[in-house]
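Observations on the model geometry
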Amino acid sequence: MADELYEVLGIGKDASPAVVRNAYRALAKKYHPDLNPGDKAAEETFKKIQAANDILSDCEKRRQYDAGEIDGDGRETRRQFYREYAGNDQSGPYASSAGFDDLGDIFSNLFRNQRQGQGNVNVKMQGGDIRYHLDISFLDAVMGAKRRVAMPDGKSLDITIPGGHRDGQILRLRGKGMPGIGGGLAGDAYVEIAVQQHPYFRRQDGNILIKLPVALHEAVLGGKVPVPTVHGQVTMMIPAGTNSGDILRLKNKGVPGGGDQLVTVDIVLPKKIDGDLKTFLEKWSQTHAYDPRVGMGV
Amino acid sequence: MIGENELLGKFVELRHETLEIWISRGWVAPARSRNGFRYREIDVARVGLIYEFTVELDLAEETIDVVLPLIDQIHGLRNQLHRLATAIDTQPAAVRQKIVQTLEKTAR
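The notes below deal with the structure included here.

Reading guide: rules and limits
Residues numbered from 1 in each chain as written. Chains lettered and ligands numbered in written order. Predicted model: local features only at pLDDT ≥ 70, side-chain atom pairs only at ≥ 80, totals over all residues. Heavy atoms only, no water. Axes fitted to C-alpha atoms, helices over the stretch in contact; angles between N-to-C directions. Helix = DSSP H or I, 4+ residues; strand = E, 2+ residues; numbered from the N terminus. Parallel < 35°, antiparallel > 145°, perpendicular 65-115°, else oblique. Left-handed = near helix turned anticlockwise from the far one by under 90°. Contact = heavy atoms within 4.5 Å. Nonpolar A, V, L, I, M, F, W, Y, C, P; charged D, E, K, R; others polar. Salt bridge = Lys/Arg side-chain N within 4 Å of Asp/Glu carboxyl O. Buried < 20%, exposed > 50% of the residue type's maximum accessible area, 1.4 Å probe, protein only. Buried area = accessible area lost by both parts, 1.4 Å probe. Polar contact = N/O pair within 3.5 Å; in protein donor to acceptor, adjacent residues only side chain to side chain. Pairing = 2+ DSSP bridges.

1. A look at the packing of helix 2 (residues 17–31) of chain A against helix 3 (residues 40–56) of chain A
Pairs of packed helices are described in terms of their axes, by the angle between the two and the distance that separates them. Residue and element names in this part refer to chain A. Close contact between helix 2 and helix 3 brings their axes to 10 Å; oriented N to C, the two are set at 165°. Classified by the angle between their axes, helix 2 and helix 3 sit roughly antiparallel to one another. Viewed along their axes, helix 2 and helix 3 form a crossing whose handedness is left-handed. Between helix 2 and helix 3, the contacting residues are V20, Y24, L27, A28 and Y31 on the first element and A42, T45, F46, I49, Q50, N53 and L56 on the second. Partitioning the contact of helix 2 with helix 3 into residue classes produces 9 nonpolar, 3 polar and no charged.

2. Focus on the pattern of salt bridges
Residue and element names in this part refer to chain A. Under the defined criterion, the tally for this structure stands at 15 salt bridges over all chains. Two residues, K47 and E43, come together in a salt bridge whose shortest N-O distance is 3.4 Å. With K47 and E43 both in helix 3 and 4 residues apart, the pair spans about one turn of that helix. The partner of E84 in a salt bridge is R83, and the shortest N-O contact between them spans 4.0 Å. Residue class for R83 comes out exposed when judged on its relative accessible area of 59%.

3. Overview of the interface of chain B and chain A
Each side of the interface is counted separately: chain B has 32 residues, and chain A has 25 residues. Of all residues in chain B, the largest losses of buried area upon contact with chain A belong to R32, I42 and H75 of chain B, amounting jointly to 23% of the total for that side. A salt bridge links R131 of chain A to D43 of chain B; the nearest nitrogen and oxygen atoms lie 3.5 Å apart. Applying the counting criterion to the chain B and chain A interface returns 8 residue pairs in polar contact (both at pLDDT 80 or more).

4. A short note on the pairing of strand 7 (residues 207–215) of chain A
Within a regular beta strand, the side chains point alternately toward one face of the sheet and then the other, so they alternate between its two faces. Residue and element names in this part refer to chain A. As paired elements, strand 6 (residues 201–204) and strand 7 share 4 bridges and run antiparallel to each other. What sits directly across from R202, in strand 7, is L209. The antiparallel hairpin formed by strand 6 and strand 7 contains 2 residues in its connecting segment, where D205 sits at a positive phi of about 55°. Of the pairings in the sheet, the one linking strand 7 to strand 11 (residues 261–268) comprises 8 bridges and is parallel in character. Bridge pairing links L212 to V265 in strand 11.

5. Some words on the pairing of strand 8 (residues 223–227) of chain A
Residues and elements named next belong to chain A. Only one face of strand 8 is covered, namely the face carrying G223, V225 and V227; the face carrying K224 and P226 is uncovered. Here strand 8 pairs with strand 9 (residues 234–238) via 5 bridges, running antiparallel. Residue pairing for strand 9: K224 is matched across the bridge by M237. Between strand 8 and strand 9, which follow one another and run antiparallel, lie 6 residues, and G232 among them has a positive phi close to 115°.

Put into structure tokens, the structure is as follows:
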């Protein structure tokens, strides 16, 4: 969109101020009306060239033009008009079905927000919807939680978030919006819930995923290790010879309702390798070398 | 979604107090969160519309009270008309023909 002025001067968008100036001068000389006395079109073209130069030769205006903040005439551009959004937002707070009452039964049956009774159209109205945004923790989303939010009239609304809730899911609470007018129904409350990330749990559908660091000897010899789960800490038996990347399954320790926890093992060496271990491995590797890079051609 | 400060930054002459009045009049309905209001793109566009009405076109508040619901009603109607048109379009040719004939008979 912000290309036209550059095309008028025949320069690239990255042209330096010197290039802009030279391009302008060359074109101005060519199309100046006084240098083209018989040419009617020259004036039009010349004005275009001047207008382009007005913006592109001014540091601040050029920046604004490139950023889309002003258009080719130097006027401030307007974000998309409201109508671009309104057509698709018939489930949002601005949705209106006000035009339907006299259009007959078929319409009031087909389309939502039916009127109740034949009350005076002007006086009886369904209350407006309210939208809330809530941030909740990963664990609250998985296990379910209760929250209390403040309504516009100062009262509180208790919200129960069911377990297994997904990030971005919207809860619709019927009748919990703004009260209706003249006996009309109350509007609805829409609660959009954003789930925060957990330091080590991840979610994949019904399962919880975790990368579990294990000690060298735990992996080689096997044994019991403590594992965090969303249901609390458990003890897991690691088979001897478990390798990094192996996935062990803890049944029913995932999202409540049948999910599992999948534990990916990650072998971690001690922070400081002591002398004993080094000595042992120096000797051991001489007679027990193995190649973990088989198949890589190195 | 953006917060109120970022929104106010987009409109040079818009003040927090004015925005509060618009919200209380039901002209714009942003989502509420613990840290204040949050504005989706449609809310920003609506604020832009009201801004143009008040600041640039100098419409009175009572006028906007009338005009905004009318605009919303039009969008609601257009949306339903589109749905109806789509429903008709997917009918067999014979059904569509009947509908067209009825429309022609009732045209002025």
